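Residues per chain, in single letters:
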Amino acid sequence: MADRTAARLYWIASYPKSGNTWMRAALTSLRHGGGVVDINRLDGERIASSRALFDHYTSVEASSLTDAEILRLRPAVYRGLAQAQREPLLCKAHDAYVHAGDEPLFPADATLGAVYIVRDPRDIAVSLAHHRQWPLPRAVEFLCAPDVDMAASRSRMNQQLRQPLGSWSQHVQSWVAPDGAAGAFPVRVVRYEAMHGDLSAILGDIASALGWGADATQLAGAVAASRIDRLQHQEAVEGFCERPAKMQAFFRKGLVGGWRETLSPAQAARIEDCHAEWMERLGYR
């Protein structure tokens, strides 16, 4: 592994709709002593795919480059961002851990570590359908499609760069397999379902990795501050800056196993057949 003595970036990584925002809310509260969290000012709001971040650190407008050129420059962006920090910086990432030219997209020399959040892909399909306002069959097939991207447009109107995803299995493997991110820097795999069970213990482990001091009272405060019903209430009253314009609510139900009431047997079987290996490895079979 690379020398990380000067590394400052800690990635909060996940396939979309896996609990990334919930984790960021909990860590934001913890970083501020377990107090009330403002969902419109979350730590980790630096997203890896930010066009503004790219333009700032390259002094080049992304809209003037090809997707391949952008991808090759992105590792240098993260090195510049890391060098500008005095303490660990939480950064959100939905990209798969892919190579950008001759090196990984997320350079080990700029990375302190990562938490990679996994969620039952059957529940992701339901959540993704609501988030993107897609029919369920389209969401199911999206999870199974190889080499898919998000936000592929380089238009100046698009605030995010192309994000390579791959299928759900490809994404998971890229982060947790020994030949992926987990072989380059420390990656803590966290199940969304475990966050429902013992979020306090998970936050405590991440706080230790970040060098934060966190006592039991602060951990309990962060768990309470990031409860789904509290996030839902704040969104209803104040709105949420990350909610897509046509979406009624970003924080929906956050259920575990809700797919059983929504997916047809054929849709569930399609996901299970497509992702059998990694569902088995992660305890979703």
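Residues numbered from 1 in each chain as written. Predicted model: local features only at pLDDT ≥ 70, side-chain atom pairs only at ≥ 80, totals over all residues. Heavy atoms only, no water.

1. Here we look at helix 6 (residues 168-176)
Here is the rule we go by: Residue exposure (1.4 Å probe, protein chains only): buried if accessible area is under 20% of the type maximum, exposed if over 50%, otherwise partly exposed. For helices the rule is a DSSP run of H or I covering at least 4 residues; for strands it is a run of E covering at least 2, with both sets numbered from the N terminus onward.
Extensive coverage of helix 6 is indicated by the burial of 7 of its 9 residues. Of the positions making up helix 6, those classed as buried are W168, S169, H171, V172, S174, W175 and V176.

2. Here's the deal with the packing of helix 4 (residues 121-132) against helix 5 (residues 136-144)
What counts, and what does not: Every axis corresponds to a line fitted to the C-alpha atoms, with the helix fit spanning only the stretch in contact, and the corresponding angles, defined between N-to-C directions, vary from 0 to 180 degrees. Roughly parallel covers angles under 35 degrees, roughly antiparallel covers those over 145, roughly perpendicular covers 65 to 115, and oblique covers all other angles. Each crossing is labelled by how the near helix is turned from the far one, with a counterclockwise turn of less than a right angle marking it left-handed and a clockwise turn marking it right-handed. Residue contacts are counted whenever heavy atoms from the two residues lie within 4.5 Å of one another. The nonpolar class holds Ala, Val, Leu, Ile, Met, Phe, Trp, Tyr, Cys and Pro. Asp, Glu, Lys and Arg form the charged class, and all remaining residues, Gly among them, are polar.
Running from N to C, helix 4 and helix 5 cross one another at 130°; their axes reach a closest spacing of 8 Å. Judged by the angle between their axes, helix 4 and helix 5 are oblique. Between helix 4 and helix 5 lies a crossing of right-handed hand. The segment helix 4 lies against helix 5, with P121, I124, A125, V126, L128 and A129 engaging L136, A139, V140, F142 and L143. Residue composition of the contact of helix 4 with helix 5, by class: 11 nonpolar, no polar and no charged.

3. Quick word on the packing of aromatic side chains
Spelled out, the test is: Here is the rule: rings of Phe, Tyr and Trp (six-membered ring for Trp) pair when centre to centre is within 6.5 Å. Planes less than 30 degrees apart are stacked, more than 60 are edge-to-face, and the remainder are tilted.
Taken as a whole and assessed by the stated rule, the structure comprises 10 aromatic pairs. Here W11 and Y78 contribute two aromatic rings whose centre-to-centre distance is 5.2 Å and whose plane-to-plane angle is 80°, an arrangement assigned as edge-to-face. With W11 in strand 1 (residues 9-14) and Y78 in helix 3 (residues 67-83), this residue pair connects regions lying 67 residues apart in the sequence. Y78 shares its class with W11; the two are buried.

4. Focus: the confidence of the model for the protein
Defined as follows: Note on scores: pLDDT gives the predictor's confidence for each residue, bounded by 0 and 100.
In this model, the protein carries a mean pLDDT of 87, and residues with pLDDT of at least 70 account for 87%. pLDDT under 50 marks residues 1-5. Its contacts with residues more than four places away, or in other chains, come to 14 contacts.

5. Some details on the side chain of S49
To keep it simple, the criterion reads: Under this definition, polar contacts are N or O atom pairs within 3.5 Å; protein pairs additionally need one hydrogen-donor-capable and one acceptor-capable atom, and for neighbouring residues in sequence, both atoms have to be side-chain atoms.
By the secondary structure assignment, S49 is in the loop between strand 2 (44-47) and helix 2 (51-58). Polar contacts involving the side chain of S49 include one to the side chain of Q163, which spans 3.4 Å. Not counting residues within four places of it along the chain, the set of residues in contact with S49 comprises R74, D95, Q159, Q160, L161 and Q163.

6. Let's talk about unusual backbone geometry
The backbone of S59 shows a phi angle near 60°, a positive value even though the residue is not glycine. By secondary structure assignment, the location of S59 is in the loop between helix 2 and helix 3. A relative accessible area of 67% places S59 in the exposed class. Of note in the backbone geometry, Q133 takes a positive phi value of approximately 55° without being a glycine. Position of Q133 relative to the elements: it lies in the loop between helix 4 and helix 5. In this structure Q133 comes out as partly exposed when scored by relative accessible area, which is 49%.

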